[in-house]
Amino acid sequence: MKSLLMQSPVAIAFGWIWAYIFITLLPLLILLIYPPLTGRGFWIDLSVALGFIALAMMALQFALTARINRIEASYGVDIILQFHRYISLVAFTFVLIHPLILFVVQPETLQLLNFFTAPWRARMAVLATLALIALVITSVWRQQLKIPYEPWRTLHGILAVLAVGLGLGHAIGVGNYLGLFWKAVLWTAIALTAIWLLIYVRLVKPWLMLKKPYLVEEVRPESGNVWTLALRPIGHKGFCFQPGQFAWITLEISPFRMREHPFSMSSNGDNTEKIEFSIKALGDFTNTIKDVPPGTKAFLDGPYGVFTTDRYEDTAGFVLIAGGIGITPMISMLITHAERGDERPYLLIYASKNWEDITFREELDELKKKLDLTIIHVLKELPEDWSGESGYVDKELLQRYIPKRRATRQYFICASPKMMDQVEIALHQLEVPPTNIHMEHFNLV
Ligand SMILES: Cc1cc2nc3c(=O)[nH]c(=O)nc-3n(C[C@H](O)[C@H](O)[C@H](O)COP(=O)(O)OP(=O)(O)OC[C@H]3O[C@@H](n4cnc5c(N)ncnc54)[C@H](O)[C@@H]3O)c2cc1C
């Protein structure tokens, strides 16, 4: 019984949270066990504590963004990235309060801001804070500052390493607090873990991907300005995935260049021979897919994600709500379950611009022969003889189709951010239990 509880996904998810809290507070614990010999007073202790907590949080950011499968499988990438964003603001606030308390309680410490006369430990603190300020500004206002994603990602990595490296240098430099053996061990362990995560993400992972290449077998046009990229593993078995999951794709270039994009698989999750992605031409990278010649080398990092019907084996059926290119995880779910001979009912509510734009329209109709599948198309621009649904997927529309016993289904939503918000609110109003609603956001950053 006990081991069952320990294995359950909820127990594991809670376990990670406790591990995070424990590591964040560990420096404080050691400070409590081995207090400094001279009493420094409450405010200085608070300042030091905030600095320590902020530094541990910043070092842990490397773990949050390293795409560690076991952590990611508990929450999904978007929840982890949301947490990464919010917790970085908390750490940033602590970093700013840490010296402010010192300046108020011991005004003579203001001299440490004079970069030319200050000791190195103080200079490192100033530089770490500047790196952190630049990190926060370029992340929060990236789009307003018109920084393209790829250069931003490189800059983000460099600033993060500078902020944490200099922060650790500062902490170690303030030997006063680190003189004791266990404190030195702790910070060295944190520093080494952060360095290892960096090496893992930048070198080990790309090297593992390099050993498992794929070839582009075909690039197929689909309706709605979408292109399906079919990949075949070369010299290895490929991978199975749970339908609805996604992978990061690198095309043509070496995975060490770290220019990768996330896409949901649109094929049968149980077929390791061929993995397909259906990509809407919307921007710099996605516009180039149609011109990718067959035979091009590709590298995949995946599968990732918790947006999958496979996590709900015991549910009585599914409601899939897609808008535009949000159909890709849904088609993978439907194809996979059709091939598996699933007998449960599927309801697909699918919003598109117009009839011609509907991606996978024929494939979806074909799937009705193999699955208990009901498809409701919702169009913006209506053909002359259209008698189906139109406009927005709102509460009234959903009420017409979703089953009365709401909790008997799992609800999956993937669409534009605006549509996803509206559908989520409507489902709440229709008393769908929040735990039965699952969403995949295509705009991670
Ligand atoms: C989990 C997930 C699954 C997705 N599945 C699909 C799918 O099946 N089909 C599909 O067409 N699209 C999918 N997307 C969206 C797709 O990843 C982006 O549209 C694409 O990366 C944009 O690249 P671009 O250079 O063409 O666009 P650009 O116009 O250059 O960039 C537009 C915006 O896309 C984001 N972006 C750009 N590059 C990246 C990158 N390397 N990594 C992450 N975000 C980036 C940035 O916010 C950027 O501002 C998915 C996204 C996620 C997060």
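This report concerns the structure included in the present document.

Calculation notes
Residues numbered from 1 in each chain as written. Predicted model: local features only at pLDDT ≥ 70, side-chain atom pairs only at ≥ 80, totals over all residues. Heavy atoms only, no water. Buried < 20%, exposed > 50% of the residue type's maximum accessible area, 1.4 Å probe, protein only. Helix = DSSP H or I, 4+ residues; strand = E, 2+ residues; numbered from the N terminus. Pairing = 2+ DSSP bridges. Axes fitted to C-alpha atoms, helices over the stretch in contact; angles between N-to-C directions. Parallel < 35°, antiparallel > 145°, perpendicular 65-115°, else oblique. Left-handed = near helix turned anticlockwise from the far one by under 90°. Contact = heavy atoms within 4.5 Å. Nonpolar A, V, L, I, M, F, W, Y, C, P; charged D, E, K, R; others polar. Phe/Tyr/Trp six-rings, centres within 6.5 Å; stacked < 30°, edge-to-face > 60°. Lys NZ or Arg CZ within 6 Å of the ring centre and 35° of its normal.

1. A few points about the pairing of strand S5 (residues 275–280)
Moving on, step 1. Taken across its 6 residues, S5 has 5 buried, putting it largely inside the fold.
Moving on, step 2. Summarising the sheet, strand S2 (residues 226–233) and S5 pair through 6 bridges and their orientation is antiparallel. Bridge pairing in S5 links Leu 231 to Ile 275.

2. A few points about the packing of helix H6 (residues 120–140) against helix H7 (residues 149–173)
Moving on, step 1. Two numbers describe how H6 lies on H7: the axes approach to 8 Å, and their chain directions differ by 155 degrees. For the element pair H6 / H7, the angle class is roughly antiparallel. Our pair here, H6 against H7, has a crossing hand that is left-handed. Of the residues in H7, those touching H6 at Arg 121, Ala 122, Met 124, Ala 125, Leu 127, Ala 128, Ala 131, Leu 132, Ala 134, Leu 135, Thr 138 and Ser 139 are Trp 152, Leu 155, His 156, Leu 159, Ala 160, Leu 162, Ala 163, Leu 166, Gly 167, Gly 169, His 170 and Gly 173.
Moving on, step 2. Here the contact of H6 with H7 is built from residues that sort into 16 nonpolar, 7 polar and 1 charged.

3. Some words on the packing of aromatic side chains
Aromatic ring pairs are defined here through the distance separating the ring centres and the angle between the ring planes.
Moving on, step 1. Considering all chains together, one arrives at 12 aromatic pairs under this definition.
Moving on, step 2. Centroid distance Tyr 20 to Phe 83: 5.2 Å. Interplanar angle 80 degrees. Geometry classified as edge-to-face. Of this pair, Tyr 20 sits in helix H2 (residues 9–33) while Phe 83 sits in helix H5 (residues 77–105); the two residues are 63 residues apart in sequence, bridging distant segments of the chain.
Moving on, step 3. These aromatic residues form a ring-pair network of at least three members: Phe 307, Tyr 312, Phe 318, Tyr 346 and Phe 412.
Moving on, step 4. Directly above the aromatic system of Phe 115 lies the positively charged group of Arg 123, at a separation of 5.6 Å from the ring centroid.
Moving on, step 5. Cation over ring: Arg 142 sits above Trp 152, and NZ or CZ is 5.7 Å from the ring centre.

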